[in-house]
Amino acid sequence: MLDKTLTFILIGIIAIVGNWIGYGVSPIDALPGMMIIAAITILGYAIEKIVPLKIPVVIWVSVIALFVTSAIFPWQQTIVDATTQINFMALATPILAYAGLSFGKDLKEFKKLGWRIVVVSLFVYTGTFLLATLIAEIGFRLTGQFK
Amino acid sequence: MRELLNWKIHAFVFVLVCIAEFIGVKSLNIGVGAIAFFPMLYALILGAIISLPRFKILSDKEMDIASKILGISFMLFVAKLGTLMGPSIPQLLDAGLTLTLQEVGHFLGTIVFGLPVALLIGMKREAIGATFSIDREPNLAIIAEKYGADSPESRGAIGVYICGTLFGALYLSLLASLIASIGWFHPISLAMGAGVGSGSMMAAMTGALAIIFPEASDDIAVFAGAANLITTIVGTFVCVVFSLPFTNFLYKHLEPILGRRSRIQTDGEN
């Protein structure tokens, strides 16, 4: 748990710097929001550890974040104002950097694959995105939402 | 578990983030549509170059650590999306019906688009594992449990898993910006489509959509995050009770038709 907490602090610092370079938000303005986001995440992991149900941590983290920013939470506005300072794109950049740095790991396995599976994988990923988009679009046109 | 604090990995990420954010957003018009290039993609591609085995900069162990940190760092992104979703709960509930229906597209899409192609180019039982889902970790576990880790079905699933890990985020973000710029779909429909159930893919697609529709960027993050959360929550259940039996059913009926031509020439391959 301690190493995870320290890791979140490190990533948080990296994201704050990225948020500063990319979106011009000064680190001082961004710090409270980043601390809240890190605290929500750490709390999510803590609850997952304590509660003896097989509920994945992604659900706990989402539920806590939703709760503290929903209208029923007394300090909703303060938390929303603080976390708005962190652009979600700035937070995703370090994530994709870690993804990039793990690229070489699977390259050996990839070279063993045939061309067929590569073609199929592109159709699989295209399909899940396009069909969901298409159904959502039909749904919105029928219900008249989001014109 | 001190490995999560590997200074070399974090130092590389810090430098990559600084360079990537410094370059900023670029958009390339290619006639049929636009392709968005943005910091996330630079960080991904530059990171991938650094990790290439021929450069001997990172060891296998260090790349393994990077992938572990990736898994937990995504939770910070989930928390951020959650804080965007909280104030939008009424809008999410309003769109609840569509949000639920489009999940059908996420689960059916891999099969409907993937299986016929797999059969046409001569795949056999591998096609089932390859196309029944987007083949992330939980899906691999389902296939391995049912058919065994050395089965053709598992080989197909692992193949798509590896392709997705390597190129999924990059491919889907390019596809998302291209489809978005054509203008057929509403930004929110595309955002829901981006909730494919994989962290790095969803993040990269959300980024691409937010570049194409800057005025709707927060709504895009809200609905992509919500769709992704639903896909993740119901994913394992749907895959066991629906996707896998349905893929098997389609395989039984489609393989004799679509797999006919390739039966002889590709025996023993794949």
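Not measured: the values here are computed from a predicted model. (Residues numbered from 1 in each chain as written. Chains lettered and ligands numbered in written order. Predicted model: local features only at pLDDT ≥ 70, side-chain atom pairs only at ≥ 80, totals over all residues. Heavy atoms only, no water.)

**Notes on the overall build of chain A**
Turning to step 1, where the next piece is worked out: When helices and strands are tallied, chain A shows seven helices and zero strands.
Turning to step 2, where the next piece is worked out: The secondary structure elements of chain A, listed N-terminal to C-terminal, are α-α-α-α-α-α-α.
Turning to step 3, where the next piece is worked out: For 147 residues, the compact-globule estimate of 2.2 N^0.38 gives 15 Å, and chain A exceeds it by more than 25% at 20 Å.
Turning to step 4, where the next piece is worked out: Overall, chain A is about 55 × 45 × 45 Å in size when its C-alpha atoms are taken along their principal axes.
Turning to step 5, where the next piece is worked out: Within chain A, contacts between residues at least 6 apart in sequence are counted, and of these 56% link residues at least 24 apart.
Turning to step 6, where the next piece is worked out: Total accessible area computed for chain A in this model is approximately 6,800 Å², and 73% of it derives from carbon and sulfur atoms. (Helix = DSSP H or I, 4+ residues; strand = E, 2+ residues; numbered from the N terminus. Rg over C-alpha atoms; globule rule 2.2 N^0.38 Å. Contact = heavy atoms within 4.5 Å. Areas by Shrake-Rupley, 256 points an atom, 1.4 Å probe, with all protein chains shown as cover.)

**Topic: the UniProt feature "transmembrane region" (unreviewed entry) in chain A**
All names here are of chain A.
Turning to step 1, where the next piece is worked out: Here, UniProt's "transmembrane region" (unreviewed entry) annotation points to residues 7-25, 31-48, 55-76, 82-101 and 113-136.
Turning to step 2, where the next piece is worked out: Helix and strand shares over residues 82-101 are 85% and 0% respectively, and the end C-alpha atoms of the span are 31 Å apart.
Turning to step 3, where the next piece is worked out: Here residues 113-136 runs as 92% helix and 0% strand, with 34 Å between its end C-alpha atoms. (UniProt positions renumbered as here; feature names shortened; annotations may be inferred.)

**Things to note about the nonpolar core**
Turning to step 1, where the next piece is worked out: Judged by nonpolar contacts, the single largest core of 133 residues is most densely connected at Phe77(B) and Met192(B).
Turning to step 2, where the next piece is worked out: For this core, the element with the most residues is helix H3 (residues 60-85) of chain B, which contributes 15 residues.
Turning to step 3, where the next piece is worked out: In this structure, Met192(B) is in contact with Ala136(A), Phe140(A), Ala95(B), Thr98(B), Leu99(B), Gln102(B), His106(B), Phe223(B) and Ala227(B), ignoring residues within four places of it in sequence. (Core = buried A, V, L, I, M, F, W, Y, C linked by side-chain atoms within 4.5 Å. Buried < 20%, exposed > 50% of the residue type's maximum accessible area, 1.4 Å probe, protein only.)

**Considerations on the pattern of salt bridges**
Turning to step 1, where the next piece is worked out: Evaluated as defined, the whole model comprises 10 salt bridges over all chains.
Turning to step 2, where the next piece is worked out: Between Arg141(A) and Glu137(A) there is a salt bridge, with its nearest N and O atoms 2.8 Å apart. Placement of the pair is Arg141(A) and Glu137(A) together in helix H7 (residues 115-143), with a separation of four residues, close to one helical turn.
Turning to step 3, where the next piece is worked out: Judged by its relative accessible area of 8%, Glu137(A) is buried.
Turning to step 4, where the next piece is worked out: The closest approach of N and O atoms between Lys124(B) and Glu255(B), which form a salt bridge, is 2.8 Å. Of this pair, Lys124(B) sits in the loop between helix H5 (96-120) and helix H6 (126-131) while Glu255(B) sits in helix H11 (residues 217-258); the two residues are 131 residues apart in sequence, bridging distant segments of the chain.
Turning to step 5, where the next piece is worked out: Through salt bridges with shared partners, a single ionic network connects Glu3(B), Lys61(B) and Lys68(B). (Salt bridge = Lys/Arg side-chain N within 4 Å of Asp/Glu carboxyl O.)

**Describing the layout of surface pockets**
Turning to step 1, where the next piece is worked out: Reported here for the largest pocket is a volume of approximately 1,300 Å³.
Turning to step 2, where the next piece is worked out: Lining the largest pocket are 50 residues, with Arg136(B), Glu137(B), Pro138(B), Gly197(B) and Gly199(B) sitting closest to its centre.
Turning to step 3, where the next piece is worked out: Put simply, the parts of the chain that give the lining of the largest pocket at least two residues each are helix H3 (57-69) of chain A together with H3, H5, helix H7 (137-147), helix H8 (152-182), helix H10 (199-212) and H11 of chain B.
Turning to step 4, where the next piece is worked out: For the lining of the largest pocket, the element with the highest residue contribution is H8(B), accounting for eight residues.
Turning to step 5, where the next piece is worked out: Residues that form the lining of the largest pocket fall into these classes: 24 nonpolar, 20 polar and six charged. (1 Å grid on protein atoms, 1.4 Å probe; cavity = no way out; pocket = protein on both sides within 12 Å on 5 of 7 lines; lining within 4 Å. Points joined across faces, edges and corners; volume = space filled by probe spheres on them. Nonpolar A, V, L, I, M, F, W, Y, C, P; charged D, E, K, R; others polar.)

**Things to note about the pairing of strand E1 (residues 26-29) of chain B**
All names here are of chain B.
Turning to step 1, where the next piece is worked out: As paired strands, E1 and strand E2 (residues 34-37) are joined by four bridges and run antiparallel to one another. Counted as the bridge partner of Leu-28 is Ile-35 from E2.
Turning to step 2, where the next piece is worked out: Linking E1 to E2, which pair antiparallel, is a turn of four residues; within it Gly-31 sits at a positive phi near 85°. (Pairing = 2+ DSSP bridges.)

**Comments concerning the UniProt feature "transmembrane region" (unreviewed entry) in chain B**
Turning to step 1, where the next piece is worked out: Following the UniProt record, the feature "transmembrane region" (unreviewed entry) maps to residues 7-24, 30-53, 65-84, 104-123, 158-184, 190-213 and 220-244 of chain B here.
Turning to step 2, where the next piece is worked out: The annotated region residues 7-24 of chain B carries 94% helix and 0% strand content, and the separation between its end C-alpha atoms amounts to 26 Å.

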